[in-house]
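# Residue-level structural notes
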Amino acid sequence: APEDYTPAELTFRDVPAGKWYTNAVAWASEMGVVAGYEDGNFRPGANITREEMCVVLNNYMQSITGGTAPQDEGFRFPDDSRISSWAKEAVYNAYQLGLVSGDEKGLFNPGDNTQRCQAATVFTKYVAVLEASPPESSHRPKRQHFAILWTTGKPLPRGAAFPLFPKENGETPR
């Protein structure tokens, strides 16, 4: 979320005002990047699955590019039937962009939690994809290294490390 962003309203029941993540979650919801769950919650302390991560990344990419998606080349993971219907397009868009791949058996494992090392790799690749994908119109946000803006609300300088999963007090676990 931009540093000066103030949410119009709190979108989710379990995202209270004043938390370090409140503005980022509200902004992402307003931009259509996250939708939360059917029960009206966001579950800010929950793990994120591999397919959920793909959906968030895909939604953000779509908001920047105006809906441009990679060409479907027909590839399917061997465990395609385990990928939720609401995540399939996002998973295969992420695959087509080179952001995700299968494990040693070629399986995507959509319900597995995203490991920190996987997230760091995907986000690093994602920033490169964003830098190579200019916005279609001037009203789209600039793509100034939009890695993870959870802690500062500012773009990261080139070559900076990503502050993954910061603690509530702003410190990043090692």
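Here we summarise the structure given alongside this text. Bear in mind that the values here come from a model prediction, so they are computed numbers and not experimental data.

Counting across every chain of the model gives four salt bridges. The partner of Asp 39 in a salt bridge is Arg 43, and the shortest N-O contact between them spans 3.2 Å. Classification of Asp 39 by relative accessible area gives partly exposed; the value is 33%. Residue Asp 79 is joined to Arg 82 by a salt bridge in which the shortest nitrogen-to-oxygen separation is 3.5 Å. According to the relative accessible area criterion, Asp 79 is buried, its value standing at 4%.

Now for the side chain of Asn 93. Looking at the element boundaries, Asn 93 is found in helix α3 (residues 88–96). Asn 93 gets classed as buried once you look at its relative accessible area, which sits at 6%. When near neighbours in sequence (up to four residues on either side) are disregarded, Asn 93 contacts Asn 58, Gln 62, Ala 69 and Pro 70.

Moving on: empty space enclosed by the protein. A complete count under the given rule lists two cavities of 30 Å³ or more for this structure. By volume, the largest cavity amounts to about 60 Å³. Lining the largest cavity are Cys 54, Leu 57, Asn 58, Met 61, Gln 62, Pro 70, Ala 90, Asn 93, Ala 94, Leu 97, Leu 99 and Tyr 126. Every element with two or more residues in the lining of the largest cavity is listed here: α2 (50–65) and α3. Considering each element in turn, the lining of the largest cavity owes the most residues, five residues, to α2. Partitioned by chemical class, the residues of the lining of the largest cavity number nine nonpolar, three polar and no charged.

The next subject is the packing of aromatic side chains. Taken as a whole, this structure holds ten aromatic pairs when the rule is applied. With 5.3 Å between their ring centres and 90 degrees between their planes, Trp 20 and Tyr 21 make a pair best called edge-to-face. Judged by centre distance (4.1 Å) and plane angle (15 degrees), the rings of Phe 75 and Tyr 95 are stacked. With Phe 75 in the loop between α2 and α3 and Tyr 95 in helix α3, this pair connects stretches of sequence that are 20 residues apart. By relative accessible area, Phe 75 is classed as partly exposed at 29%. Looking at Tyr 95, the relative accessible area reads 26%, which means it is partly exposed. Grouped by ring-pair contacts, the aromatic residues Phe 75, Phe 77, Tyr 92, Tyr 95 and Phe 108 constitute a single cluster. The aromatic ring of Tyr 37 is capped on one face by Arg 43, whose charged end is 3.7 Å from the ring centroid. A cation sits over an aromatic face here: Arg 50 above Phe 108, 4.4 Å from the ring centre.

Definitions and limits used
- Residues numbered from 1 in each chain as written.
- Predicted model: local features only at pLDDT ≥ 70, side-chain atom pairs only at ≥ 80, totals over all residues.
- Heavy atoms only, no water.
- Salt bridge = Lys/Arg side-chain N within 4 Å of Asp/Glu carboxyl O.
- Buried < 20%, exposed > 50% of the residue type's maximum accessible area, 1.4 Å probe, protein only.
- Helix = DSSP H or I, 4+ residues; strand = E, 2+ residues; numbered from the N terminus.
- Contact = heavy atoms within 4.5 Å.
- 1 Å grid on protein atoms, 1.4 Å probe; cavity = no way out; pocket = protein on both sides within 12 Å on 5 of 7 lines; lining within 4 Å.
- Points joined across faces, edges and corners; volume = space filled by probe spheres on them.
- Nonpolar A, V, L, I, M, F, W, Y, C, P; charged D, E, K, R; others polar.
- Phe/Tyr/Trp six-rings, centres within 6.5 Å; stacked < 30°, edge-to-face > 60°.
- Lys NZ or Arg CZ within 6 Å of the ring centre and 35° of its normal.

The values reported here are purely geometric and, on their own, carry no functional implication.
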